[in-house]
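In case you want the letters, here they are:
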Amino acid sequence: MNICICGGGNLGHVVSGFLAATSSHRVSVLTRSPERWRRTLVINTPEGKKLQGRLVCVSDQPQEVLADADMVLLCLPGFAIAAELDRIAPALRPDTLVGSIVSSTGFFFQAIDKLPQTQPLFGFQRVPFISRLVSYGQEASLLGYKASVSVAIERCEQKEQVRRQIEQMLKTPTELLANYYEASLTNSNPLLHPSRLYTLWRKWQEGTVYGERPYFYEDWTVEASALYMALDREFQLLLHKLPVREGSIPTVLDYYESHDALSLTDKLCSIKAFQGIKAPMLKVKGGYIPDFKSRYFTEDFPYGLGIVHRLAHNRGLAVPIIDEVYRWGTAMLQQAQQ
């Protein structure tokens, strides 16, 4: 296939480099900074190998990379998806598969609204790789693989064929989900990150400076786990109101093979791929302050927890804990923008 990757972040680098290095597909990249890319990408693997993927084309012109594309895969944050769909729509073939590596930030809702009703769509429930950029346009690290991935495919009669294609591309067992709700809703980052942020800084006030910058996961607390579990209980209530199969989105405890807040904390603190990630903070005189303009806030509140919040209220559900955390995160975002 001719595959076009849209986006030049951590996942954009790893996915494009991995596909170019490990498959016979022709991989191109649509990015706003093509001049910064080398034609060969180096991808470091957890096994210590260095994959080298040769890209067919890197461009900032949609027509140049989309005219012959059989598949387009967006590797973009939630706030960039709507604009990118508007940008690529005129250059898409009617049969081009359009998908998103992250579906929990509103991809399906926006694609259904913006693309023709016949445009085939797909999206992942969780990202297949844990990725980290090393050198922009040149090198990235694939820090961890998922044992399996789940994908929703819409507006397509050959769903099983597409599922097999994706499975072969990623070299990962791939399950077909029942519908886009099962891919769009997740208790991963949209609940995981806000739980930690809220328990870290809910008492923060202007002028407060912290003496150190904690690790986001290695210093995870039982308090954050308890809040994560409470958010998940309300999230599961929403799933019962939607066309979602029982168990298709496992509870937090089931997913992390834990049984209470303490065991969940131990699990999150020990995940190897999460090691070394610091809390989003800015260096100031005397220490550190929260970075309310980081992706943890600009992505996971309006385009993560915000979607869950909106769907719950549209269905008349009482979700007081989601309300409280979402209200706090939104207030911090607004304050940062003033």
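Keep in mind the model is a prediction, meaning the values are calculated, not measured.

(A) The environment of His 13, seen in detail. Note that His 13 resides in helix α1 (residues 10-22). For His 13, a relative accessible area of 0% translates into the label buried. Once the C-alpha coordinates of His 13 and Tyr 256 are considered, the two residues, 243 residues apart in sequence, prove to be 27 Å apart. Beyond its immediate chain neighbours, meaning those up to four positions away, His 13 contacts Gly 8, Trp 37, Leu 41, Ile 43, Leu 133, Ser 135, Tyr 136, Gly 137, Gln 138 and Ala 140.

(B) Structural context of the pattern of salt bridges. This model, assessed by the stated rule, comprises 15 salt bridges. A salt bridge links Glu 175 to Arg 245; its shortest N-O distance comes to 3.6 Å. With Glu 175 in strand β12 (residues 174-176) and Arg 245 in the loop between α8 (222-239) and α9 (252-255), this pair connects stretches of sequence that are 70 residues apart. Residue class for Glu 175 comes out partly exposed when judged on its relative accessible area of 37%. On the accessibility criterion, Arg 245 (37% relative accessible area) is partly exposed.

(C) Representation of the environment of Asp 68 within the structure. The topology assignment puts Asp 68 in the loop between α2 (62-66) and β6 (71-74). Owing to a relative accessible area of 54%, Asp 68 belongs among the exposed residues under this scheme. Setting aside chain neighbours within four positions, we find Asp 68 in contact with Asn 2 and Arg 93.

(D) Structural detail: the sheet that holds β12. Taken in spatial order, the eight strands make up an open sheet running β5-β2-β1-β6-β7-β8-β11-β12, and their pairing is mixed. Either end of the sheet is taken by a strand with one partner, and the two such strands are β5 (57-59) and β12. Averaged over all pairs of adjacent strands, the angle between their axes in this sheet comes to 20°, without regard to strand direction. Pairing analysis gives three bridges linking strand β2 (residues 26-30) to β5, with the strands arranged parallel. Residue pairing in the sheet places Val 29 in a bridge with Val 58 of β5. Strands in contact with helix α3 (residues 78-88) are β1 (2-6), β2, β6 and β7 (97-100); relative to β6, the strand with the most contacts, it is inclined by about 155°.

About the criteria used
Residues numbered from 1 in each chain as written. Predicted model: local features only at pLDDT ≥ 70, side-chain atom pairs only at ≥ 80, totals over all residues. Heavy atoms only, no water. Helix = DSSP H or I, 4+ residues; strand = E, 2+ residues; numbered from the N terminus. Buried < 20%, exposed > 50% of the residue type's maximum accessible area, 1.4 Å probe, protein only. Contact = heavy atoms within 4.5 Å. Salt bridge = Lys/Arg side-chain N within 4 Å of Asp/Glu carboxyl O. Pairing = 2+ DSSP bridges. Axes fitted to C-alpha atoms, helices over the stretch in contact; angles between N-to-C directions.

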